[in-house]
Amino acid sequence: MSSAPHDRLLIIDFGSQVTQLIARRLRELSVYCEIHPYQSVTDTFIEDFAPKAIIFSGGPCSVIDEGSPRPPANVYDLGIPILGICYGQQVMMQMLGGRVERGHGTAEFGRAYVTPGDTSLDVLDGWFGEGDEQVWMSHGDHVADIAPGFQVYGTSPNAPYAITADTERNFYAVQFHPEVHHTPKGAKLYENFVRLAGFSGDWTMASYREEAVQRIKEQVGDAKVICALSGGVDSSVAAALIHEAIGEQLTCVFVDHGLLRLNEADEVVTMFRDHMNLSVIHAEEQELFLGELDGVSDPETKRKIIGKLFIDVFQKYADQIEGAAFLAQGTLYPDVIESVSFSGGPSVTIKSHHNVGGLPEKMGLKLVEPLRELFKDEVRALGRELGLPAHFIGRHPFPGPGLAIRCPGEITREKLDILRKADAVYIDQIRKHGLYDEIWQAFAAILPVRTVGVMGDGRTYDYSCALRAVTSVDGMTADYYPFSHEFLGETATRIINEVQGINRVFYDVTSKPPGTIEME
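Rules used throughout
- Residues numbered from 1 in each chain as written.
- Predicted model: local features only at pLDDT ≥ 70, side-chain atom pairs only at ≥ 80, totals over all residues.
- Heavy atoms only, no water.
- Buried < 20%, exposed > 50% of the residue type's maximum accessible area, 1.4 Å probe, protein only.
- Helix = DSSP H or I, 4+ residues; strand = E, 2+ residues; numbered from the N terminus.
- Polar contact = N/O pair within 3.5 Å; in protein donor to acceptor, adjacent residues only side chain to side chain.
- Axes fitted to C-alpha atoms, helices over the stretch in contact; angles between N-to-C directions.
- Parallel < 35°, antiparallel > 145°, perpendicular 65-115°, else oblique.
- Contact = heavy atoms within 4.5 Å.
- 1 Å grid on protein atoms, 1.4 Å probe; cavity = no way out; pocket = protein on both sides within 12 Å on 5 of 7 lines; lining within 4 Å.
- Points joined across faces, edges and corners; volume = space filled by probe spheres on them.
- Nonpolar A, V, L, I, M, F, W, Y, C, P; charged D, E, K, R; others polar.
- Expected span 1.5 Å × (residues − 1).
- Phe/Tyr/Trp six-rings, centres within 6.5 Å; stacked < 30°, edge-to-face > 60°.
- Lys NZ or Arg CZ within 6 Å of the ring centre and 35° of its normal.
- Core = buried A, V, L, I, M, F, W, Y, C linked by side-chain atoms within 4.5 Å.
- Pairing = 2+ DSSP bridges.

Engineer: Can you help me understand helix 1 (residues 19-28) in this one?
Structural biologist: Because an α-helix packs 3.6 residues into every turn, residues spaced three or four apart end up facing the same way. The complete set of buried residues in helix 1 reads Thr19, Ile22, Ala23, Arg25, Leu26 and Arg27. Downstream of helix 1 by a residue or two, Ser30 has a phi angle that is positive, lying close to 65°.

Shown next, in the form of structure tokens:
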């Protein structure tokens, strides 16, 4: 939990798939908020957290079922504004004397339209246009009777109490999801709610930077900190922030495993060592990694080899730093939220991830995680605040195993060299056409097949290259980017002409799901 002196909004999570979006919308309004599962929200917790307002999220349960999730009963006696969304509306009605019924033909899933009531409501100021307003519904049960003190301010065909409020107590409840993209003016509702709750909008990256620096100083004291610097946005921003706080007490270890993009190692080390004056150990371990990967083609085996070697190498260099007491990690707020499952059940491992898991315990280190309250877009904003180059903090995600998983089948030095050059041409094309910032992630992959081609008057038998570019909000789902045929043709021509070893180029139009973003 943050120790920052900001007004706080508490989001009580009842298991909705889109609860994180509520927090994103509020952070965009410069309001500090935290998500906590309903199980952990006790009377004592609320007293310590001291929220200025509370939002109840949606959820998959039915309030009619015995043992269904509830907030503490005393939240209604705190005298602060509360907004209930979907399940949050239903639980509010059920607890305050209303009635919720099973669907019986009144379920709504997807796009719907809310008709305004006859009475105006401050929280809806500027929300309704000249007629009905589009919203996104996802409910089976519905409110049959509203609780005493509430009035109706909006209806939909299958939700007669789509918008209700008790203005005396500042309780508001909606059946739809204002946080999702398909409720076009949902942000306006949140804006009105936090304005009515008296939030000043003081959550800024400038204030966060100042507070985070002070917290790091207090936590670390005179001890030394080591940071696994991957060159990605998260670890880079974490390193820059910690360095601002403790200076030479920080040492970064950059593990060069030979699976990086063209000139990447030099760019990362130069920026942090020469331009930002950080202490950086450049661990050149290409031969070790590529030697262990020789002949390996199974993608999960590749990941495990790389992950294990990374930990071994990092520990080898970290052991050389006398007095190190802390390990810095670029943990983000979504990682923190997802570490506490709504149901209490274990999360599913889809594939192994490249990290420094287990090192803090193994080495007796404490963790420094200065980004654990931030979403990805906020990390980028903090990076800009810290003065990191825009082209660096705006880079597309790059996987920990690097080019190993963009080289399906066996990895060889020849294939890696070809891949680096092809990827560089592809990204250069995207930047030249002004498309880089429209794309979530783009890369080239070298396929484990050779095909026949003709160059000049000669026959070639070279590798095929696959290009991938996707749009996404969070990487959980993705769709391919709709390049023009002219762009694809021009790019394929450049790659074949400039990269020896490739004679055929494909474009991957698979969405996620069913595919993944990376090849392996």
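Engineer: Would you take a moment to explain the side chain of Glu378 for this structure?
Structural biologist: Along the chain, the position of Glu378 falls in helix 12 (residues 376-385). Look at Glu378 and you get buried, because its relative accessible area is 8%. In terms of polar contacts, Glu378 uses its side chain to reach the backbone amide nitrogen of Phe375, at 2.8 Å.

Engineer: What am I meant to see in the packing of helix 5 (residues 205-220) against helix 12 here?
Structural biologist: A packed helix pair is summarised by two numbers, namely the angle formed by the two axes and the spacing between the axes. One way to put it is that helix 5 packs onto helix 12 with a least axis distance of 9 Å and a crossing angle of 80°. Classified by the angle between their axes, helix 5 and helix 12 sit roughly perpendicular to one another. Residues Met205, Ala206, Tyr208 and Arg209 of helix 5 pack against Glu378, Ala381, Leu382 and Glu385 of helix 12.

Engineer: What's the story with empty space enclosed by the protein in this structure? I'm lost.
Structural biologist: Unoccupied space between atoms shows up once a probe the size of one water molecule is rolled over them. Using the criterion set out here, one finds 1 cavity of 30 Å³ or more in the structure. Space inside the largest cavity adds up to approximately 30 Å³. Leu83, Leu121, Val123, Ile163, Thr164, Tyr172, Ala173, Val174 and Leu189 are the residues that line the largest cavity. Here the lining of the largest cavity takes 3 residues from strand 11 (residues 171-174), the largest share from any one element. Classifying every residue of the lining of the largest cavity gives 8 nonpolar, 1 polar and no charged.

Engineer: What's the story with helix 6 (residues 233-246) in this structure? I'm lost.
Structural biologist: With 14 residues, helix 6 ought to run about 20 Å at 1.5 Å a step, and its terminal C-alpha atoms sit 20 Å apart, in line with that. Once helix 6 finishes, Gly247 follows within two positions and takes phi at roughly 55°, a positive value.

Engineer: I keep staring at the environment of Cys61 and nothing clicks. Help me out?
Structural biologist: With respect to the helices and strands, Cys61 occurs in the loop between strand 3 (53-56) and strand 4 (82-85). Sequence separation between Cys61 and Gly15 is 46 residues, and the spatial gap between their C-alpha atoms is 8.2 Å.

Engineer: Can you walk me through the layout of surface pockets in this structure?
Structural biologist: Approximately 510 Å³ is the volume found for the second largest pocket. Forming the walls of the second largest pocket are 21 residues, and the residues nearest its centre are Leu262, Glu267, Arg395, Ile427 and Arg431. For the lining of the second largest pocket, the elements supplying multiple residues, two or more each, are helix 7 (264-275), helix 13 (390-393), helix 14 (413-432) and strand 17 (441-455). The dominant element in the lining of the second largest pocket, judged by the number of residues it contributes, is helix 14, at 5 residues. In terms of residue class, the lining of the second largest pocket is made up of 10 nonpolar, 3 polar and 8 charged.

Engineer: Honestly, the packing of aromatic side chains in this entry has me stumped. Any pointers?
Structural biologist: Two descriptors summarise a pair of aromatic rings, namely the distance from one centre to the other and the angle between the planes of the rings. This structure, assessed with the given rule, holds 16 aromatic pairs. Residues Tyr480 and Tyr507 carry aromatic rings whose centres are separated by 6.4 Å and whose planes lie at 80° to one another, so their mutual orientation is edge-to-face. Here Tyr480 is found in strand 19 (residues 479-480), whereas its partner Tyr507 is found in strand 20 (residues 502-507), with 27 residues between them in sequence. With a centroid separation of 4.3 Å and 20° between ring planes, the pair formed by Phe483 and Phe487 is classed as stacked. Phe483 sits in the buried class, given a relative accessible area of 10%. A relative accessible area of 3% places Phe487 in the buried class. By the ring-pair criterion, three or more aromatic residues cluster together here, those being Phe14, Tyr38, Phe56, Tyr76, Tyr87 and Phe171. Taking NZ or CZ as reference, Arg395 lies 4.5 Å from the ring centre of Phe392, over its face. One Lys or Arg, Arg431, reaches over the ring of Tyr436 and ends 3.8 Å from the middle of that ring.

Engineer: What exactly am I supposed to notice about the nonpolar core here?
Structural biologist: Considering soluble globular proteins, one finds that nonpolar side chains tend to be buried as a cluster. Of all hydrophobic cores here, the largest spans 51 residues; its most connected members are Phe314, Tyr426, Ile430, Ile439, Ala469, Phe483 and Tyr507. With near-sequence residues (within four places) excluded, Tyr507 lies in contact with Tyr426, Leu467, Arg468, Ala469, Tyr480, Tyr481, Phe483 and Leu488. With 44 residues, the next largest nonpolar core counts Ala239, Val269, Leu278 and Leu332 among its residues.

Engineer: How do you make sense of the pairing of strand 2 (residues 32-37) when you look at a structure like this?
Structural biologist: Where a strand is regular, its side chains alternate between the two sheet faces. In terms of burial, strand 2 is largely enclosed, as 6 of its 6 residues are buried. With burial as the criterion, each face of strand 2 is covered, one bearing Tyr32, Glu34 and His36 and the other bearing Cys33, Ile35 and Pro37. Across 6 bridges, strand 1 (residues 8-13) lies against strand 2 in parallel orientation. From the neighbouring strand, Asp13 faces strand 2, where its bridge partner is Pro37.

Engineer: I tried to follow the pairing of strand 10 (residues 159-166) on my own but got confused; where do I start?
Structural biologist: Counting buried positions along strand 10 yields 7 of 8 residues, so the element is predominantly enclosed. Pairing analysis gives 4 bridges linking strand 9 (residues 151-156) to strand 10, with the strands arranged antiparallel. Across the sheet, residue Gly154 finds its bridge partner in strand 10, namely Ile163. Between strand 9 and strand 10, which pair antiparallel one after the other, the connecting turn spans 2 residues. In textbook terms, the turn of a hairpin is the stretch between consecutive antiparallel strands, and for strand 10 and strand 11 this stretch comprises 4 residues, one of which, Asn170, has a positive phi near 60°.

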